[in-house]
Amino acid sequence: MPIDDLRSALRKARENLSGAQREEAAGRCAQRARALPALRRARCIAAYMAHRGEISCGPIIEWALERGASVLLPVVVGRHMRFTPCHRGETMRPNRWGIPEPEWRPRRWVSAICPSVVLMPLVAFDSAGNRLGQGGGYYDRAFAFRSAAKHWRRPLLVGLAYEFQQVGKLNAKPTDVPLDAVLTERQIHQFRR
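The structure presented is a predicted model; accordingly, all values stated were derived computationally and were not measured.

Quick notes on the rules
- Residues numbered from 1 in each chain as written.
- Predicted model: local features only at pLDDT ≥ 70, side-chain atom pairs only at ≥ 80, totals over all residues.
- Heavy atoms only, no water.
- Helix = DSSP H or I, 4+ residues; strand = E, 2+ residues; numbered from the N terminus.
- Rg over C-alpha atoms; globule rule 2.2 N^0.38 Å.
- Buried < 20%, exposed > 50% of the residue type's maximum accessible area, 1.4 Å probe, protein only.
- Contact = heavy atoms within 4.5 Å.
- Areas by Shrake-Rupley, 256 points an atom, 1.4 Å probe, with all protein chains shown as cover.
- Lys, Arg positive; Asp, Glu negative; His and termini not counted.
- Charge placed at Lys NZ, Arg CZ, Asp CG, Glu CD.
- Pairing = 2+ DSSP bridges.
- Axes fitted to C-alpha atoms, helices over the stretch in contact; angles between N-to-C directions.
- Salt bridge = Lys/Arg side-chain N within 4 Å of Asp/Glu carboxyl O.
- Phe/Tyr/Trp six-rings, centres within 6.5 Å; stacked < 30°, edge-to-face > 60°.
- Core = buried A, V, L, I, M, F, W, Y, C linked by side-chain atoms within 4.5 Å.
- Expected span 1.5 Å × (residues − 1).
- Arc of directions from axis to C-beta.

Caption draft 1: Representation of the overall build of the protein chain within the structure. Secondary structure summary: the protein chain contains six helices and eleven strands in total. Taken over the C-alpha trace, the protein chain has a radius of gyration of 16 Å; the compact-globule value for 193 residues is 16 Å, and the two agree within 12%. Put simply, the protein chain has 193 residues, and 46% of those count as buried. Sequence separation of 24 or more characterises 67% of the internal contacts of the protein chain that already satisfy a separation of 6 or more. Surface summary for the protein chain: the accessible area is close to 10000 Å², and the carbon and sulfur share equals 51%. Of note, the protein chain has its 32 positive side-chain charges centred 6 Å away from the centre of its 17 negative side-chain charges.

Given below as structure tokens:
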């Protein structure tokens, strides 16, 4: 199936889930997140604000903040994605795609190298850890440094997805940054690097 058709079909399937199904999946993913040693130890994680049926990081963000970890959220600036600290009760504004973002100022930006774990949205993933995103390449550009070093282990890149978003095989491009794991409502998929 052509990539654009695959994206469209999986987005539609996500958007067709009820609010209760999305909430239940987010809760189950949060349970799995708490089982990952890297997330339990993380002092700083990057997350995202769910959009168009994506699995919400909300329960994981709350758990991280309760245990004193720092949480970063992405902010799109031109063709790049930056990270800024997230605080309870902070004002969020929709970006050009309608995705809520914290107010940002360059002095608040945090390097993509800083978080121990990055939670990433996705449209599809395969058994090798390849990720199909929205198509803008923001995460791939932000974490391109991971591809430059063979032994780079930080940050750990973890996708959040519904189990139905796993597909047979994605044709990865050289600029695609693979995932280390994917959490779904049913299981933890870990990939060897």
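Caption draft 2: Structural view of the sheet that holds strand S6 (residues 117-120). Spatially, seven strands are ordered S3-S2-S1-S6-S9-S10-S11 in an open sheet, and the strand pairing comes out mixed. Bordering the open sheet on either side are strand S3 (80-85) and strand S11 (188-190), each of which pairs with just one other strand. The sheet shows a mean angle of 25° between the axes of neighbouring strands, direction not considered. Contacts from helix H4 (residues 58-66) reach strand S1 (44-46), strand S2 (70-77), S6 and strand S9 (156-160), with the element oriented near 130° to S2.

Caption draft 3: Spotlight on the side chain of Asp176. If you trace the backbone, Asp176 turns up in the loop between S9 and strand S10 (181-183). Within the buried set, Asp176 has no salt-bridge partner at all; the shortest N-O distance to an opposite charge, 4.5 Å, is to Lys173. With residues near it in sequence (within four places) discarded, Asp176 still touches Asp140, Ser147 and Asn171.

Caption draft 4: The arrangement of the pattern of salt bridges in detail. One pass over the structure, following the stated rule, counts seven salt bridges. A salt bridge links Glu62 to Arg88; its shortest N-O distance comes to 3.2 Å. Of this pair, Glu62 sits in helix H4 while Arg88 sits in the loop between S3 and strand S4 (92-94), placing them 26 residues apart in sequence. With relative accessibility at 51%, the residue Arg88 sits in the exposed group.

Caption draft 5: A look at the packing of aromatic side chains. Counted by the stated rule, this structure contains four aromatic pairs. Their ring planes at 50° and their centres at 5.9 Å tell us that Phe83 and Phe143 sit as a pair that is tilted. Of this pair, Phe83 sits in strand S3 while Phe143 sits in the loop between helix H5 (138-142) and helix H6 (145-148), and the two are 60 residues apart along the sequence. For the pair Phe83 and Phe143, one class covers both residues: buried.

Caption draft 6: Up close: the nonpolar core. Counting residues in each nonpolar core, the largest one holds 51 residues, and the members touching the most others are Ile45, Leu119 and Phe143. Setting aside its immediate chain neighbours within four residues, Ile45 contacts Leu39, Ile60, Ala64, Ser70, Val71, Leu72, Pro115, Val117 and Leu119. Grouped together as the second largest cluster of nonpolar side chains are seven residues, Leu6, Leu10, Ala124 and Leu132 included.

Caption draft 7: The arrangement of the environment of Lys12 in detail. For Lys12, the position within the fold is in helix H1 (residues 3-15). Taking the relative accessible area as the measure of exposure, Lys12 reaches 54% and is therefore exposed. C-alpha separation for the pair Lys12 and Arg52, spaced 40 residues apart in sequence, amounts to 8.9 Å.

Caption draft 8: Layout of H1. For H1, spanning 13 residues, the distance from its first C-alpha to its last is 18 Å, which sits close to the expected 18 Å at 1.5 Å a residue. Within H1, the full set of buried residues consists of Leu6, Arg7, Leu10, Arg11 and Arg14. Down the axis of H1, the sector holding all buried residues measures 125°, keeping them to one side. Away from its buried face, by an angle of more than 90 degrees, H1 presents the exposed residues Asp4 and Lys12.

Caption draft 9: Layout of the pairing of S9. S9 sits mainly inside the fold: four of its five residues count as buried. Pairing of S9 with S10 involves three bridges; the strand directions are parallel. The partner of Val158 across the bridge, within S10, is Ala181.

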